[in-house]
Amino acid sequence: MAALAAIPMLLSAQQAEYPVTIIPTGKGPYTFPPGYQTPWDRIEIAVTEKMSPNLFVLHGSQGLDPAHPDASGGRAMVLFGPDGVLMVDTENRQVADKTLKAIRSFTDAPIKVLVNTHIHPDHTGANAFFARQGAVIFSQENLRTEMLHPPLRADGQAGPAPDMAGIPVAIYNHNPAAPGSPAVTFTMNGETVDLIPMMPSHTAGDTIVRFRKADVIYIEDFYRNFGYPFADQANGGSVKGMLDAIDLIEKIAGSGTTLVPGHGTLVKKGDLLPYRAMLVDILAKVKTLRDQGRSPQDVLAANLTAPYDKTTQGDTQQSKDRFITEVYDEVKDFPPLVDGKRTMPRHQ
Ligand SMILES: [Zn+2]
């Protein structure tokens, strides 16, 4: 009898331990044939992690999406309960109905609030879809401006007009005088949620989202552990800003706080330090070469990321070259931020 009675206690003790990983992100390596197109009809959206009894993470299938082979799309988070659903990011437009279906597998509550952490389509692609479900969309003003007036495409032409239904309507700004201060705080479903606008880092419109009770911060894409760092400079990002973003996390996160990147594995703040050290090292080495008058091709050929390849999952040539080119452009003649965008030099 005593042994039987102990079992439910053991189970509830285990259930109390969050985060719970249900589907780990893939490790690769992944390769795709030339001309491969993402088969959206085969990509599923599932609950991959639980952060608390009513705070779940959604992410896509592994091995199908060449932009994010470790798990398609960018993580979305869903806080749910009697006060309705608060979503962080939306996944891609092509899988909007699957994302909603995944949410409906655990809650019937109305979709009320959506916050966009940054503009990339794997995070905002289904904005219009979820706005039609009832979501009011929150973001930094820079993100709204980027969406209304996107940077020119690589061929110099303007992209398609934005879908106005998906444009954020509740906007706020980063205040450099008060880094880490929430612009908006929600009290919903027993949780306190802070929208914290970030300095230009992954883009010029980044927001991190802190869930105080669960002790979780969604840190979006200025940190990544699948592929090399990506500062989207055309959309206002900055490699040096990513250093500032990491330093802010060091200040506002506890040692046990779960950090949820948009891609890759969940981390704690100590895991950000080797990544920060790599950024500092590469910035210094590229600056030295650029100061010596070396061309972008010379700097790429120097293979400066070699010491990090062993410990960097998803270290494709494309990912390395993009990173080194970003740093090359940033250490000298870095274009200023204008309306959330920068006019970056073109490299063929
Ligand atoms: Zn991104």
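Residues numbered from 1 in each chain as written. Predicted model: local features only at pLDDT ≥ 70, side-chain atom pairs only at ≥ 80, totals over all residues. Heavy atoms only, no water.

A few points about the pattern of salt bridges
Pairing is possible between side chains that carry opposite charge, provided their charged atoms lie close to one another. If you walk through the whole model with that rule in mind, you get eight salt bridges. The salt bridge partner of Arg 276 is Asp 247, with a shortest N-O separation of 2.6 Å. Residue Arg 276 is located in helix H7 (residues 272–291), and its partner Asp 247 is located in helix H6 (residues 239–252); the two are separated by 29 residues in the primary sequence. In this structure, Lys 287 engages Asp 291 in a salt bridge whose closest nitrogen and oxygen atoms are separated by 2.8 Å. Linking Lys 287 with Asp 291, this pair stays in helix H7, spanning four residues, or about one helical turn. (Salt bridge = Lys/Arg side-chain N within 4 Å of Asp/Glu carboxyl O. Helix = DSSP H or I, 4+ residues; strand = E, 2+ residues; numbered from the N terminus.)

Observations concerning the packing of aromatic side chains
Counting across every chain of the model gives nine aromatic pairs. One aromatic cluster is present, formed by Phe 56, Phe 80 and Phe 106 through successive ring pairs. The ring of Tyr 328 has Arg 290 sitting right over it, with the charged end atom 4.3 Å from the ring centre. Lying over the aromatic face of Phe 230, Arg 322 brings its terminal NZ or CZ to 3.7 Å of the ring centre. (Phe/Tyr/Trp six-rings, centres within 6.5 Å; stacked < 30°, edge-to-face > 60°. Lys NZ or Arg CZ within 6 Å of the ring centre and 35° of its normal.)

Concerning the coordination of the zinc ion
Donor atoms from the polypeptide that coordinate the zinc ion comprise His 118 (NE2), His 120 (ND1), His 202 (NE2) and Asp 221 (OD), at 2.2 to 2.4 Å from the metal. Classification of the site at the zinc ion as irregular follows from its four donor atoms and the range of 82 to 178 degrees in their angles at the metal. Mapping the donors of the zinc ion onto the primary sequence yields the spacing H-x1-H-x81-H-x18-D. Linking His 120 in the loop between strand S6 (111–115) and helix H3 (121–124) with Asp 221 in the loop between strand S12 (216–220) and H6, this pair joins segments that are 101 residues apart in sequence. (Donors = N, O, S within 2.8 Å, 3.2 Å for Na, K, Ca; no water. Tetrahedral: all angles 85-135°; square planar, octahedral: opposite > 155°, others 65-115°.)

Considerations on the environment of Pro 24
Here Pro 24 shows up in the loop between strand S1 (20–21) and strand S2 (45–52). Pro 24 gets classed as exposed once you look at its relative accessible area, which sits at 53%. In sequence terms Pro 24 and Pro 296 are 272 residues apart; their C-alpha atoms lie 37 Å from each other. (Buried < 20%, exposed > 50% of the residue type's maximum accessible area, 1.4 Å probe, protein only.)

What about the environment of Ala 158?
Structurally, Ala 158 can be placed in the loop between helix H5 (141–148) and strand S8 (170–172). Among residues more than four places away in sequence, those in contact with Ala 158 are Leu 152 and Arg 153. (Contact = heavy atoms within 4.5 Å.)

Some details on the sheet that holds strand S5 (residues 85–88)
Strand order in the open sheet formed by eight strands is S1-S2-S3-S4-S5-S6-S7-S8, and the pairing between neighbours is mixed. Two strands close off the open sheet at either side, each with one partner strand: S1 and S8. For S1 and S2, the ladder comprises two bridges, and the chain directions are antiparallel. By the bridge assignment for S2, Thr 21 is matched with Glu 49. Across the sheet, H5 touches strand S7 (136–140) and S8, and the angle it forms with S7 is around 100 degrees. (Pairing = 2+ DSSP bridges. Axes fitted to C-alpha atoms, helices over the stretch in contact; angles between N-to-C directions.)

Some details on the pairing of strand S9 (residues 184–188)
Of the two faces of S9, the one holding Val 184, Phe 186 and Met 188 is buried and the one holding Thr 185 and Thr 187 is not buried anywhere. Counted along the chain from S9 to the antiparallel partner strand S10 (residues 191–197), the turn is two residues long, and its residue Asn 189 has a positive phi close to 55 degrees.

Quick look at the pairing of strand S13 (residues 258–261)
In S13, alternate side chains face the same way, and those of Thr 258 and Val 260 on one face and Leu 259 and Pro 261 on the other are all buried. Pairing between S12 and S13: four bridges, direction parallel. Bridge assignment links Glu 220 to a residue of S13, and that residue is Pro 261.

Topic: the packing of H7 against helix H10 (residues 317–330)
Contact geometry for H7 and H10: axes closest at 9 Å, N-to-C directions at 60 degrees. Taken together, the axis directions place H7 and H10 in an arrangement best described as oblique. In this structure, H7 crosses over H10, and the sense of that crossing is right-handed. Residue-level contacts link Leu 279, Ile 282, Leu 283, Val 286 and Arg 290 of H7 to Phe 323, Ile 324, Val 327, Tyr 328 and Asp 329 of H10. The residue makeup of the contact of H7 with H10, split by class, is eight nonpolar, no polar and two charged. (Parallel < 35°, antiparallel > 145°, perpendicular 65-115°, else oblique. Left-handed = near helix turned anticlockwise from the far one by under 90°. Nonpolar A, V, L, I, M, F, W, Y, C, P; charged D, E, K, R; others polar.)

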